[in-house]
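# Coordinate analysis (summary)
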Amino acid sequence: MTELLTASQMRALEQAAIASGEVTGLELMERAGQGVVEAIFEEWPAFAPAAGVDWGPAPKPPGYLKQEEKGPWRAVVLCGPGNNGGDGFVVARLLAGFGWAVDVFFYGDVERLPADARVNYERWSEVGSVHLWNDDAIEGRLDGFVSGDRSSFEHQLVVDALFGVGLTRNMPVDTERARHGFVPTVTHTPQSERPKYVAIDLPSGLCSDSGVNRGAFPTDLTVTFHRPKLGHYLFGDNHFGGGPSLCNQVSVIDIGLESSRADQPVLLMDSKNLAAKLSKNSCEHKFNHGSALVLSGGSGRTGAARLAARGALRIGAGLVTLGVPPAAQLEVAGHVTALMVKRVADADGLAEVLQDKRLNALCLGPGLGLERARALVPVALAAGRASVLDADALSTFADDPRTLFDMAHKRCVLTPHGGEFARLFPDLAEKLNAPAEKGPAYSKVDATREAAARAGCVVLFKGPDTVIADPSGRCSVHAAAYDRAAPWLATAGAGDVLAGFITGLLARGFAPMQAAETATWLHVECARSFGPGLIAEDLSEQLPHVFRELEV
Ligand SMILES: NC(=O)C1=CN([C@@H]2O[C@H](COP(=O)(O)OP(=O)(O)OC[C@H]3O[C@@H](n4cnc5c(N)ncnc54)[C@H](O)[C@@H]3O)[C@@H](O)[C@H]2O)[C@@H](O)CC1
Ligand SMILES: Nc1ncnc2c1ncn2[C@@H]1O[C@H](COP(=O)(O)OP(=O)(O)O)[C@@H](O)[C@H]1O
Ligand SMILES: [K+]
């Protein structure tokens, strides 16, 4: 799985590499700038020099290309007051070296530039001029750049090097006019009719740690260094379109920090090794694959539990039983075939059913009803079996979450969506929703890690970005974004199926964290594989196809 870093982890890696003498900050900045230019040429081959990129031994002076080799291209580079701006000066110099006309706008104070950025400011200044950032200058330049009705631009590329991982507060308002002017409507104007907008490290205004949008504009391409940052994958505050909706696509450039490792990084889920974990041994009995019990609600509310149970069965639990109250037995019997049905009238009924030691994974919550959930959850948790608690099994403890946390054990997985999370962890939800004051914003990763530590078990916090953490701080993220986007998954009952998938994997013997991660990946994969028109029922039915594709 790919590591996702925070700003401070990235900074620590850079500093360790520099302190070890492995590399200098200036070298890192040069590699970063080269990487950005390479990524631009790769994304838009028309921009690339005809003979391909030859970096040569040293920074090239402008115009080293013969006139006939030069592209007719013009770029605007927006440089900020820190090292992100330093990268921007490198990019400006390298583009000029490839024959581009480059206009650099600097938002900051030259005297206060960090040392490496200052060096690159000076190097650029030998090549071209720097327009200082003030409204009059920008207005004047904009008039010159943007002709008439803004349907044609004199520049083809805008490079955003205002702020990277050092962003500590909302974007300054006085950058807005210029950004609007140079990149008026990335989302509305067809790409062919407007300049391409490229962000260095992060779209300026995107919080690296939380994905919160603090005034960023959507870009065409984001080029980051060494490892992606959490903010590239977290949606932050959805109302303003967080990380993935701003980055559009993320290109990760190697700048030679390979020997450095971050401390407890968050992992981005992928399908590596999944097939081996999911395959079954041909000589095994059904009970070797575990026996799951999914508790259902009363008559007229059994659909959610049935969805979960079917998910548990399809994902490979050997046996799945629905525990239903007497009044719903007939209703359930009319629907299920491969599933077993057992009568579970109340807490005593559950205790009796749990005498069967073969039942090794429990699922409580989907359609369970708040009252029934309050009665059954304590019995289920006291039995010490691997357990998934979702929906009503969480909400029923809204008035007293501590009671739930006291009963929860290491083999539990809690699967709240945003509303349920706020009921169980109101203080964490409040921190998550509060506007960030200074420094990187509190993130969904921070909240999920704190929640898992408090609950003493795995917490899977749902959404387009799903974050999973255990009490030790291990944490992984799945973003249904970029090539994993699954908008059709936001459909009623999808969460019930996920609870069932996790339960089925727990029954098969997966550890809670691994069950939650694997189920989340498969859940999104089923949605993607089915495509538009998906409803919750389709998810489990898509699993055989997904397994075949994975070569399980
Ligand atoms: N340090 C290194 O060795 C490397 C750093 N790199 C680049 O350096 C960047 C990080 O550089 P920095 O740590 O200097 O941080 P940034 O360049 O992202 O920004 C820091 C500066 O912006 C100011 N600032 C932050 N938020 C602001 C706001 N909302 N309004 C106004 N001013 C604000 C800060 O006071 C500080 O002066 C990375 O994103 C990456 O682009 C790369 O060159 C790779 C190597
Ligand atoms: N925009 C989205 N893209 C992809 N997946 C999403 C999106 N929004 C929600 N999801 C996923 O859909 C499921 C919805 O679950 P939940 O909120 O519990 O709904 P329900 O209770 O109706 O089943 C979760 O797995 C969640 O991660
Ligand atoms: K930037």
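Residues numbered from 1 in each chain as written. Chains lettered and ligands numbered in written order. Predicted model: local features only at pLDDT ≥ 70, side-chain atom pairs only at ≥ 80, totals over all residues.

### Observations regarding the UniProt feature "binding site: AMP" (unreviewed entry) in the protein
UniProt marks Lys462, Gly463, Pro464, Asp465, Thr466 and Gly495 with the feature "binding site: AMP" (unreviewed entry), using the numbering shown here. For the annotated residues, spread through 34 residues, the largest C-alpha to C-alpha distance comes to 13.5 Å, consistent with a single compact locus. You can see Lys462 is positioned in the loop between strand S18 (458-461) and strand S19 (465-469). Other than its neighbours up to four places away in sequence, Lys462 contacts Thr415, Pro416, His417 and Gly495. In this structure, Gly463 sits in the loop between S18 and S19. Judged by the 17 C-beta atoms lying within 10 Å of it, Gly463 falls in the partly exposed class. Beyond its immediate sequence surroundings of up to four residues, Gly463 is in contact with Phe235, His417 and Gly418. (UniProt positions renumbered as here; feature names shortened; annotations may be inferred. Helix = DSSP H or I, 4+ residues; strand = E, 2+ residues; numbered from the N terminus. Contact = placed C-beta atoms within 7 Å. Buried ≥ 20, exposed ≤ 12 C-beta atoms within 10 Å, placed from the backbone.)

### Topic: the sheet that holds strand S11 (residues 266-268)
Taken in spatial order, the eleven strands make up an open sheet running S1-S11-S20-S19-S18-S17-S16-S15-S12-S13-S14, and their pairing is mixed. On the outer flanks of this sheet lie strand S1 (2-4) and strand S14 (340-343), each paired with one strand and no other. Neighbour-to-neighbour, the strand axes of the sheet open up by a mean angle of 25°, direction not taken into account. Judged from the three bridges that link them, strand S16 (residues 386-389) and strand S17 (residues 412-414) form a sheet pairing that is parallel. Across the sheet, residue Val388 finds its bridge partner in S17, namely Val413. Strands strand S12 (291-295), strand S15 (359-364), S16 and S17 of the sheet are contacted by helix H19 (residues 494-507), whose axis makes an angle of about 165° with S15. (Pairing = 2+ DSSP bridges. Axes fitted to C-alpha atoms, helices over the stretch in contact; angles between N-to-C directions.)

### Quick word on the confidence of the model for the protein
Caution applies to low-pLDDT parts of the model: their predicted coordinates are not meant to be read in detail. Mean pLDDT over the protein works out to 91, with 90% of the residues at or above the 70 mark. Segment residues 58-63 is flagged for pLDDT under 50; beyond a separation of four residues in sequence, or across chains, it makes nine contacts in the model. Between residues 147-151, whose pLDDT stays under 50, and residues either more than four places distant or in other chains, the model counts four contacts. Scoring of the predicted complex yields 0.94 for pTM and 0.94 for ipTM. (pLDDT = per-residue confidence, 0-100.)

### Focus: unusual backbone geometry
Unusually for a residue other than glycine, Asn248 sits at a positive phi of about 65°. If you trace the backbone, Asn248 turns up in the loop between helix H8 (243-247) and strand S10 (250-253).

### Details of the site of ligand 1
Around ligand 1 there are 28 residues in total, and Gly82, Asn83, Asn84, Gly164 and Gly166 lie nearest to it. Those elements that provide at least two residues to the shell around ligand 1 are helix H2 (25-43) and helix H3 (83-97). It is H3 that provides the largest number of residues to the shell around ligand 1, a total of five residues. Residue composition of the shell around ligand 1, by class: 13 nonpolar, eleven polar and four charged. (Near = placed C-beta within 6 Å. Nonpolar A, V, L, I, M, F, W, Y, C, P; charged D, E, K, R; others polar.)

### Some words on the site of ligand 2
As a structural note, the neighbourhood of ligand 2 is formed by 17 residues, with Lys462, Ala480, Leu489, Ala490 and Gly495 the closest of them. Per element, the largest residue contribution to the shell around ligand 2 is four residues, and it comes from H19. Residue composition of the shell around ligand 2, grouped by class: nine nonpolar, six polar and two charged.

### Structural notes on the packing of H3 against helix H4 (residues 115-125)
At a minimum axis distance of 8 Å, the contact between H3 and H4 shows a crossing angle of 25°. The angle between the axes of H3 and H4 places the two elements in the roughly parallel class. The hand of the H3/H4 crossing is left-handed. Residues Asn83, Gly85, Gly86, Phe89, Val90, Ala92 and Arg93 of H3 pack against Asp116, Ala117, Asn120, Tyr121, Arg123 and Trp124 of H4. (Parallel < 35°, antiparallel > 145°, perpendicular 65-115°, else oblique. Left-handed = near helix turned anticlockwise from the far one by under 90°.)

### Some points on the domain arrangement of the protein
Partitioning the protein into structural domains gives domain 1 (8-46 + 72-265) and domain 2 (287-421 + 477-545). Each of domain 1 and domain 2 has a C-alpha centre, and the two are 45 Å apart. On the domain 2 side, the residues contacting the four residues of domain 1 number four residues. (Domains from an automatic or database assignment.)

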